Amino acid sequence: QVQLLESGGESVQAGDSLSLSCLASGRTYGMGWFRRAPGQEREFVAGINYLGSETLYADSVKGRFTISRDNTKNMLYLQTNRLKPEDTAVYYCAARRPLGATMRDGDYDYWGQGTQVTVSE
């Protein structure tokens, strides 16, 4: 069983940047970030394969967010730039046993509790 712990969520102004982190309790393979805005379904944000050689992004964050990982520290990161009010959500870290990245939340085996990001005008 792998436990995931997110951190870095804050209340910020539009245009600001935040760096989200996720610490895994053990070795993980494919990983991703998802988010859930109030009253909405959870949605994919970004994904990365085990080697960090393949990344996937939702169209809504492409060019603004960057996913990365450090396997030596069991850490996953999400650098968020030029934040918009519509980025307001609880951000979740997810991990899967297969090596590859995927956009489907059903493909992930482990989930963190989430970290709140609030972006105001």
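Conventions and cut-offs
- Residues numbered from 1 in each chain as written.
- Predicted model: local features only at pLDDT ≥ 70, side-chain atom pairs only at ≥ 80, totals over all residues.
- Heavy atoms only, no water.
- Pairing = 2+ DSSP bridges.
- Helix = DSSP H or I, 4+ residues; strand = E, 2+ residues; numbered from the N terminus.
- Axes fitted to C-alpha atoms, helices over the stretch in contact; angles between N-to-C directions.
- Salt bridge = Lys/Arg side-chain N within 4 Å of Asp/Glu carboxyl O.
- Disulfide = S-S within 2.5 Å.
- Buried < 20%, exposed > 50% of the residue type's maximum accessible area, 1.4 Å probe, protein only.

**Regarding the sheet that holds strand β3 (residues 18–24)**
Pairing within the open sheet is antiparallel, and its four strands lie in the order β1-β3-β8-β7. Where the open sheet ends on each side, the last strands, each with one partner, are β1 (4–7) and β7 (65–70). Shown here is a sheet whose adjacent strand axes are inclined to one another by a mean of 15°, direction ignored. Where β3 meets strand β8 (residues 75–80), six bridges bridge the pair, whose relative direction is antiparallel. If you follow Leu-20 over to β8, its bridge partner there is Leu-78.

**Quick word on the pattern of salt bridges**
Considering all chains together, one arrives at seven salt bridges under this definition. Note that Arg-35 and Asp-87 form a salt bridge whose closest N and O atoms lie 2.9 Å from each other. One end of the pair, Arg-35, is in strand β4 (residues 30–36); the other, Asp-87, is in the loop between β8 and β9 (89–96), with 52 residues separating them in the sequence. Of the charged contacts, one joins Asp-107 and Arg-104 as a salt bridge, the two residues approaching to 2.9 Å between their closest N and O atoms.

**Quick word on the state of the cysteines**
A full pass over the atoms with the stated rule returns one disulfide. At a sulfur-sulfur separation of 2.1 Å, the disulfide partner of Cys-22 is Cys-93. With the S-S dihedral at roughly -75°, the linkage between Cys-22 and Cys-93 falls on the left-handed side. With Cys-22 in strand β3 and Cys-93 in strand β9, this residue pair connects regions lying 71 residues apart in the sequence. Under the relative-accessibility criterion, Cys-22 is labelled buried at 0%.

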